[in-house]
Amino acid sequence: MALRELAGQPVHVCPEAGPSLAEDRNLSDLIGELFGSGARIVAIPLGRLGPDFLRLGSGVAGQVLQKLVNYRFQVAILGDVSAAEAASAPLRDFIRESNRGATVWFVADLAALEAKLGA
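Residues numbered from 1 in each chain as written. Predicted model: local features only at pLDDT ≥ 70, side-chain atom pairs only at ≥ 80, totals over all residues. Heavy atoms only, no water.

A word on unusual backbone geometry
- The phi torsion at alanine 7 lies on the positive side, around 50 degrees, for a residue other than glycine.
- For alanine 7, the location among the structural elements is in the loop between β1 (3-6) and β2 (9-13).
- Alanine 7 sits in the partly exposed class, given a relative accessible area of 35%.
- If you check the backbone angles, arginine 72 has positive phi at about 65 degrees while not being a glycine.
- If you trace the backbone, arginine 72 turns up in the loop between α2 (60-70) and β4 (74-78).
- Using a relative accessible area of 66% as the deciding quantity, one classes arginine 72 as exposed. (Helix = DSSP H or I, 4+ residues; strand = E, 2+ residues; numbered from the N terminus. Buried < 20%, exposed > 50% of the residue type's maximum accessible area, 1.4 Å probe, protein only.)

Comments concerning the pattern of salt bridges
- Summed over the entire model, instances satisfying the criterion amount to six salt bridges.
- The closest approach of N and O atoms between arginine 100 and glutamate 97, which form a salt bridge, is 2.9 Å. On the criterion of helical spacing, the pair formed by arginine 100 and glutamate 97 is a turn pair, its members being three residues apart in helix α4 (residues 89-100).
- The exposure class of arginine 100 is exposed, given its relative accessible area of 60%.
- Since its relative accessible area comes to 43%, glutamate 97 is described here as partly exposed.
- Each of the salt bridges in this network shares a partner with another, and the network as a whole consists of Asp93, Arg96, Glu97 and Arg100. (Salt bridge = Lys/Arg side-chain N within 4 Å of Asp/Glu carboxyl O.)

Considering the environment of glutamine 9
- Here glutamine 9 is to be found in strand β2.
- Given the relative accessible area of 29%, glutamine 9 is considered partly exposed.
- Separated by 105 residues in the primary sequence, glutamine 9 and glutamate 114 place their C-alpha atoms 9.2 Å from one another.
- Not counting residues within four places of it along the chain, the set of residues in contact with glutamine 9 comprises Arg4, Ile41 and Leu117. (Contact = heavy atoms within 4.5 Å.)

With respect to helix α1 (residues 24-37)
- When the terminal C-alpha atoms of α1 are compared, their 20 Å separation across 14 residues agrees well with the 20 Å that a helix rising 1.5 Å per residue should span.
- Among all positions of α1, only Asn26, Leu27, Leu30, Ile31, Leu34 and Ser37 are buried. The buried residues of α1 occupy one face: seen down the axis, they fall within an arc of 145 degrees. Away from the buried face of α1 by more than 90 degrees, exposed residues Arg25 and Gly36 are located.
- Where α1 is buried, its residues meet β1, β2, β3 (41-45) and α2.
- Positive phi shows up at glycine 38, right after α1, with a value of about 85 degrees. (Expected span 1.5 Å × (residues − 1). Arc of directions from axis to C-beta.)

Observations concerning the sheet that holds β1
- If you trace the five strands from one edge of the open sheet to the other, you get β1-β2-β3-β4-β5, paired in mixed fashion. Where the open sheet ends on each side, the last strands, each with one partner, are β1 and β5 (104-107). Between one strand axis and the next, the sheet turns by 30 degrees as a mean value, whatever way the strands run.
- Judged from the three bridges that link them, β2 and β3 form a sheet pairing that is parallel. The residue of β3 that forms the bridge with valine 11 is isoleucine 41.
- Strands β3, β4 and β5 of the sheet are contacted by α2, whose axis makes an angle of about 145 degrees with β4. (Pairing = 2+ DSSP bridges. Axes fitted to C-alpha atoms, helices over the stretch in contact; angles between N-to-C directions.)

Fair warning: the whole summary comes from geometry, so function is off the table for now.
Below, the structure written as structure tokens:
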């Protein structure tokens, strides 16, 4: 577990390497870690979410994000989504709307997350 303080808030930062969080069992394990850490914000590298996460039709993004949000976690997806965003208007809309809210954010890195938390 990697608990970091960003903008004065505890954030559970998932490591780049590790099992795919698109798999329900691994996601449930992460949720258990989150409850144990006391963090209400989780930062997940895009690579940990599997190749279908950014394909909205696959349902992976909906499944992962809904489960985390249902447990009242704020979620930051870390990584460059520009190529996938440019190729899909629905994904571009989803990312834009997510970033306007306070529950799910798509940010480039931890520095961008810290800036968003501090705003």
